[in-house]
Amino acid sequence: MAERNCLVTNDWICGEYVRSRSQELIDATLQHVGITVVSVAIGVAVALPLALLARRVRFLAGPILGVTTVLYSIPSLAMFSLLLPFFGLSASLVVTGLVLYSLTVLVRNILAGLQAVPDEARDAAKGMGYGPLRLLWEVELPLALPALLAGIRITTVSTVALTTVGAIVDYGGLGTLILDGLDTTFKAQVLTASVLCVLLAVVADVLLLGLQRWLTPWTRPHRIRTSRAARKAATAKVAEPA
(Lines give C-alpha, C1' and ligand atoms only; values in the text may rest on other atoms or scores of the structure.)
Protein backbone atom coordinates (compact mmCIF):
# COMPACT_ATOMS: atom_id res chain seq x y z
CA MET A 1 0.00 0.00 0.00
CA ALA A 2 2.83 2.34 0.90
CA GLU A 3 4.47 1.72 -2.48
CA ARG A 4 1.28 2.65 -4.31
CA ASN A 5 1.04 5.89 -2.34
CA CYS A 6 4.58 6.94 -3.26
CA LEU A 7 3.19 8.98 -6.15
CA VAL A 8 0.91 10.82 -3.78
CA THR A 9 3.63 11.39 -1.20
CA ASN A 10 6.03 12.41 -4.00
CA ASP A 11 8.86 10.11 -2.92
CA TRP A 12 12.22 10.13 -4.70
CA ILE A 13 12.16 6.36 -5.19
CA CYS A 14 8.82 5.14 -6.51
CA GLY A 15 8.26 1.80 -8.19
CA GLU A 16 4.72 2.75 -9.13
CA TYR A 17 6.06 5.64 -11.21
CA VAL A 18 8.32 3.28 -13.17
CA ARG A 19 5.44 0.88 -13.79
CA SER A 20 2.85 3.48 -14.70
CA ARG A 21 5.17 5.59 -16.87
CA SER A 22 7.23 2.77 -18.40
CA GLN A 23 6.30 3.63 -21.99
CA GLU A 24 7.15 7.29 -21.43
CA LEU A 25 10.54 6.29 -20.01
CA ILE A 26 11.19 3.93 -22.94
CA ASP A 27 10.30 6.60 -25.51
CA ALA A 28 12.54 9.18 -23.82
CA THR A 29 15.41 6.69 -23.59
CA LEU A 30 15.09 5.74 -27.26
CA GLN A 31 15.06 9.41 -28.27
CA HIS A 32 18.13 10.01 -26.10
CA VAL A 33 19.99 7.08 -27.67
CA GLY A 34 18.95 8.07 -31.17
CA ILE A 35 20.12 11.67 -30.83
CA THR A 36 23.41 10.52 -29.29
CA VAL A 37 24.16 7.92 -31.97
CA VAL A 38 23.32 10.26 -34.86
CA SER A 39 25.35 13.12 -33.36
CA VAL A 40 28.45 11.00 -32.76
CA ALA A 41 28.22 9.37 -36.21
CA ILE A 42 27.96 12.73 -37.98
CA GLY A 43 30.71 14.10 -35.74
CA VAL A 44 33.08 11.32 -36.84
CA ALA A 45 32.14 11.87 -40.49
CA VAL A 46 32.96 15.58 -40.18
CA ALA A 47 36.02 15.24 -37.94
CA LEU A 48 37.85 12.72 -40.12
CA PRO A 49 38.18 15.00 -43.19
CA LEU A 50 39.13 17.91 -40.94
CA ALA A 51 41.86 15.85 -39.27
CA LEU A 52 43.15 14.67 -42.66
CA LEU A 53 43.21 18.26 -43.90
CA ALA A 54 45.03 19.43 -40.77
CA ARG A 55 47.63 16.71 -41.21
CA ARG A 56 48.18 17.33 -44.92
CA VAL A 57 48.18 21.15 -44.80
CA ARG A 58 50.18 21.85 -41.67
CA PHE A 59 49.46 25.58 -41.41
CA LEU A 60 45.72 24.78 -41.20
CA ALA A 61 46.15 22.53 -38.17
CA GLY A 62 46.27 25.45 -35.73
CA PRO A 63 43.16 27.24 -37.07
CA ILE A 64 41.15 24.00 -37.30
CA LEU A 65 41.98 22.97 -33.74
CA GLY A 66 41.43 26.53 -32.55
CA VAL A 67 37.98 26.81 -34.12
CA THR A 68 36.84 23.47 -32.69
CA THR A 69 38.06 24.52 -29.26
CA VAL A 70 36.17 27.81 -29.48
CA LEU A 71 33.01 25.95 -30.49
CA TYR A 72 33.33 23.69 -27.47
CA SER A 73 33.71 26.69 -25.17
CA ILE A 74 30.35 28.18 -26.21
CA PRO A 75 27.70 27.55 -23.53
CA SER A 76 25.04 25.11 -24.69
CA LEU A 77 22.16 27.57 -24.29
CA ALA A 78 24.01 30.15 -26.36
CA MET A 79 24.89 27.53 -28.98
CA PHE A 80 21.29 26.45 -29.41
CA SER A 81 20.16 30.08 -29.54
CA LEU A 82 22.63 30.80 -32.35
CA LEU A 83 21.45 27.77 -34.30
CA LEU A 84 17.75 28.42 -33.71
CA PRO A 85 17.22 30.74 -36.73
CA PHE A 86 18.61 28.04 -39.04
CA PHE A 87 16.93 24.90 -37.68
CA GLY A 88 13.98 26.07 -35.63
CA LEU A 89 12.69 24.04 -32.70
CA SER A 90 13.66 20.62 -34.04
CA ALA A 91 15.84 17.61 -33.37
CA SER A 92 18.21 18.90 -36.06
CA LEU A 93 18.96 21.88 -33.82
CA VAL A 94 20.09 19.59 -30.99
CA VAL A 95 22.02 17.22 -33.27
CA THR A 96 23.88 20.08 -34.97
CA GLY A 97 24.91 21.57 -31.63
CA LEU A 98 26.10 18.21 -30.35
CA VAL A 99 28.08 17.59 -33.56
CA LEU A 100 29.85 20.93 -33.16
CA TYR A 101 30.71 20.09 -29.56
CA SER A 102 32.08 16.68 -30.55
CA LEU A 103 34.59 18.06 -33.04
CA THR A 104 37.15 19.31 -30.53
CA VAL A 105 37.74 15.81 -29.09
CA LEU A 106 37.34 13.84 -32.31
CA VAL A 107 39.57 16.02 -34.50
CA ARG A 108 42.35 16.08 -31.91
CA ASN A 109 42.26 12.33 -31.32
CA ILE A 110 42.12 11.41 -34.99
CA LEU A 111 44.94 13.82 -35.81
CA ALA A 112 47.05 12.50 -32.92
CA GLY A 113 46.45 8.92 -34.06
CA LEU A 114 47.44 9.68 -37.66
CA GLN A 115 50.53 11.58 -36.59
CA ALA A 116 51.59 8.64 -34.41
CA VAL A 117 51.70 6.24 -37.37
CA PRO A 118 55.39 5.28 -37.82
CA ASP A 119 57.06 6.63 -40.94
CA GLU A 120 58.50 3.15 -41.51
CA ALA A 121 54.99 1.76 -41.94
CA ARG A 122 54.12 4.43 -44.49
CA ASP A 123 57.38 3.95 -46.39
CA ALA A 124 56.93 0.19 -46.48
CA ALA A 125 53.38 0.54 -47.80
CA LYS A 126 54.48 3.02 -50.46
CA GLY A 127 57.27 0.67 -51.45
CA MET A 128 54.66 -2.05 -51.98
CA GLY A 129 52.78 0.23 -54.38
CA TYR A 130 50.06 1.53 -52.05
CA GLY A 131 48.36 4.68 -53.32
CA PRO A 132 47.21 7.50 -50.99
CA LEU A 133 43.69 6.11 -50.44
CA ARG A 134 44.82 2.53 -49.92
CA LEU A 135 47.59 3.73 -47.62
CA LEU A 136 45.04 5.66 -45.54
CA TRP A 137 42.45 2.88 -45.43
CA GLU A 138 44.68 -0.16 -44.92
CA VAL A 139 47.65 1.24 -42.99
CA GLU A 140 47.12 4.62 -41.35
CA LEU A 141 43.53 4.31 -40.08
CA PRO A 142 44.03 0.83 -38.58
CA LEU A 143 47.14 2.04 -36.74
CA ALA A 144 45.30 5.20 -35.62
CA LEU A 145 42.28 3.17 -34.49
CA PRO A 146 43.13 3.17 -30.73
CA ALA A 147 43.22 6.97 -30.62
CA LEU A 148 40.11 7.24 -32.80
CA LEU A 149 38.09 4.85 -30.64
CA ALA A 150 39.27 6.57 -27.47
CA GLY A 151 37.98 9.85 -28.89
CA ILE A 152 34.65 8.24 -29.78
CA ARG A 153 34.31 6.89 -26.23
CA ILE A 154 34.91 10.31 -24.69
CA THR A 155 32.62 12.00 -27.18
CA THR A 156 29.81 9.49 -26.68
CA VAL A 157 29.80 9.85 -22.90
CA SER A 158 29.87 13.65 -23.09
CA THR A 159 27.14 13.63 -25.76
CA VAL A 160 24.89 11.51 -23.55
CA ALA A 161 25.22 14.24 -20.92
CA LEU A 162 24.84 17.16 -23.33
CA THR A 163 21.76 15.68 -24.99
CA THR A 164 19.80 16.48 -21.84
CA VAL A 165 20.21 20.19 -22.63
CA GLY A 166 18.03 19.61 -25.69
CA ALA A 167 15.11 19.57 -23.25
CA ILE A 168 14.85 23.34 -23.72
CA VAL A 169 13.49 22.66 -27.22
CA ASP A 170 11.67 19.45 -26.17
CA TYR A 171 14.23 17.17 -27.87
CA GLY A 172 16.34 16.20 -24.90
CA GLY A 173 15.36 12.58 -24.43
CA LEU A 174 15.63 11.85 -20.73
CA GLY A 175 16.57 15.49 -20.20
CA THR A 176 13.02 16.47 -21.10
CA LEU A 177 11.69 14.30 -18.28
CA ILE A 178 14.27 15.75 -15.89
CA LEU A 179 13.32 19.32 -16.80
CA ASP A 180 9.59 18.62 -16.55
CA GLY A 181 10.15 16.91 -13.22
CA LEU A 182 12.07 19.89 -11.88
CA ASP A 183 9.37 22.30 -13.06
CA THR A 184 6.64 20.29 -11.32
CA THR A 185 8.78 19.11 -8.37
CA PHE A 186 8.11 15.51 -9.41
CA LYS A 187 10.90 13.82 -7.47
CA ALA A 188 10.49 10.27 -8.80
CA GLN A 189 10.61 11.47 -12.39
CA VAL A 190 13.75 13.55 -11.81
CA LEU A 191 15.61 10.74 -10.05
CA THR A 192 14.54 7.96 -12.42
CA ALA A 193 15.40 9.89 -15.57
CA SER A 194 18.73 10.99 -14.07
CA VAL A 195 19.66 7.42 -13.13
CA LEU A 196 18.75 6.19 -16.62
CA CYS A 197 20.93 8.92 -18.13
CA VAL A 198 23.89 7.83 -16.01
CA LEU A 199 23.28 4.19 -16.91
CA LEU A 200 23.22 5.08 -20.60
CA ALA A 201 26.62 6.74 -20.31
CA VAL A 202 28.10 3.79 -18.41
CA VAL A 203 26.67 1.18 -20.79
CA ALA A 204 27.84 3.14 -23.85
CA ASP A 205 31.34 3.46 -22.42
CA VAL A 206 31.56 -0.25 -21.55
CA LEU A 207 30.29 -1.31 -24.99
CA LEU A 208 32.71 0.99 -26.79
CA LEU A 209 35.57 -0.20 -24.57
CA GLY A 210 34.74 -3.78 -25.53
CA LEU A 211 34.63 -2.80 -29.20
CA GLN A 212 37.97 -1.03 -28.85
CA ARG A 213 39.60 -4.07 -27.24
CA TRP A 214 38.14 -6.36 -29.91
CA LEU A 215 39.28 -4.20 -32.83
CA THR A 216 42.73 -3.48 -31.38
CA PRO A 217 43.94 -6.75 -29.82
CA TRP A 218 47.57 -5.68 -30.16
CA THR A 219 47.04 -3.03 -27.47
CA ARG A 220 46.05 -5.53 -24.78
CA PRO A 221 48.66 -5.78 -22.00
CA HIS A 222 48.52 -9.59 -21.77
CA ARG A 223 49.12 -9.86 -25.50
CA ILE A 224 52.17 -7.65 -25.12
CA ARG A 225 53.50 -9.75 -22.23
CA THR A 226 52.83 -12.96 -24.16
CA SER A 227 54.63 -11.72 -27.24
CA ARG A 228 57.62 -10.63 -25.15
CA ALA A 229 57.75 -14.01 -23.41
CA ALA A 230 57.55 -15.75 -26.77
CA ARG A 231 60.44 -13.68 -28.11
CA LYS A 232 62.54 -14.44 -25.03
CA ALA A 233 61.79 -18.15 -25.36
CA ALA A 234 62.71 -18.12 -29.01
CA THR A 235 65.93 -16.25 -28.28
CA ALA A 236 66.87 -18.72 -25.54
CA LYS A 237 66.16 -21.65 -27.84
CA VAL A 238 68.37 -20.21 -30.54
CA ALA A 239 71.13 -19.61 -28.01
CA GLU A 240 71.06 -23.21 -26.79
CA PRO A 241 74.11 -25.24 -27.82
CA ALA A 242 73.47 -27.95 -30.38
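Note that the structure is a prediction, hence the values are computed from the model and not measured.

(A) Region of the structure containing the packing of aromatic side chains. Within this structure, the stated rule accounts for two aromatic pairs. Considering the side-chain rings of Y72 and Y101, the 5.9 Å spacing of their centres and the 90° angle between planes classify their relative orientation as edge-to-face. A residue pair is termed long-range when its members are at least 10 positions apart, and Y72 in helix α4 (residues 61-73) and Y101 in helix α6 (residues 91-115) qualify at 29 residues.

(B) Geometry of the side chain of T159. Residue position: T159 is located in helix α8 (residues 132-163). Beyond its immediate stretch of four places on either side in the chain, T159 contacts T36, S39, V40 and L98.

(C) Representation of unusual backbone geometry in the model. A positive phi is found at D170, a non-glycine position, where the angle reads about 70°. Its location among the elements puts D170 in the loop between α8 and α9 (174-184).

(D) Layout of the pattern of salt bridges. Counted by the stated rule, this structure contains six salt bridges. Residue E16 pairs with R19 through a salt bridge whose shortest N-O separation is 3.3 Å. Of this pair, E16 and R19 are both found in helix α2 (residues 15-20), three residues apart, which corresponds to roughly one turn of the helix. A salt bridge links R122 to E140; the shortest N-O distance between them is 2.6 Å. Of this pair, R122 sits in helix α7 (residues 119-127) while E140 is found in helix α8, placing the two residues 18 residues apart along the sequence. E140 matches R122 in its accessibility class, with the two residues each being buried. Overlapping salt bridges bring together R55, D119, R122 and E140 as one network.

(E) Inspection of the nonpolar core at higher detail. Counting residues in each nonpolar core, the largest one holds 21 residues, and the members touching the most others are A47, V107, I110, L114 and I152. Those elements giving two or more residues to this core turn out to be α3 (22-56), α4, α6 and α8. In terms of residue count, α8 provides more of this core than any other element does, seven residues in total. In this structure, A47 is in contact with L103, L106, V107 and I110, ignoring residues within four places of it in sequence. With 15 residues, the next largest nonpolar core counts C14, A188, A193 and L200 among its residues.

(F) Representation of the packing of α3 against α8 within the structure. Contact geometry for α3 and α8: axes closest at 9 Å, N-to-C directions at 140°. Here α3 is positioned oblique relative to α8, judged by the angle of their axes. Relative to α8, the crossing made by α3 is right-handed. Listed contacts from α8 to H32, I35, T36, S39, V40, V44, L48, L52 and R55 of α3 are L136, E140, L141, I152, T155, T156, T159, V160 and T163. Looking at side-chain class alone, the contact of α3 with α8 contains nine nonpolar, seven polar and two charged residues.

(G) Spatial organisation of the packing of α6 against α8. At their nearest, the axes of α6 and α8 sit 8 Å apart, and the two run at 150° to each other. Classified by the angle their axes make, α6 and α8 are roughly antiparallel. Handedness of the crossing formed by α6 with α8: right-handed. Each residue belonging to the contact of α6 with α8 can be placed in one class, and the counts come to 15 nonpolar, seven polar and one charged.

Reading guide: rules and limits
- Residues numbered from 1 in each chain as written.
- Predicted model: local features only at pLDDT ≥ 70, side-chain atom pairs only at ≥ 80, totals over all residues.
- Heavy atoms only, no water.
- Phe/Tyr/Trp six-rings, centres within 6.5 Å; stacked < 30°, edge-to-face > 60°.
- Helix = DSSP H or I, 4+ residues; strand = E, 2+ residues; numbered from the N terminus.
- Contact = heavy atoms within 4.5 Å.
- Salt bridge = Lys/Arg side-chain N within 4 Å of Asp/Glu carboxyl O.
- Buried < 20%, exposed > 50% of the residue type's maximum accessible area, 1.4 Å probe, protein only.
- Core = buried A, V, L, I, M, F, W, Y, C linked by side-chain atoms within 4.5 Å.
- Axes fitted to C-alpha atoms, helices over the stretch in contact; angles between N-to-C directions.
- Parallel < 35°, antiparallel > 145°, perpendicular 65-115°, else oblique.
- Left-handed = near helix turned anticlockwise from the far one by under 90°.
- Nonpolar A, V, L, I, M, F, W, Y, C, P; charged D, E, K, R; others polar.

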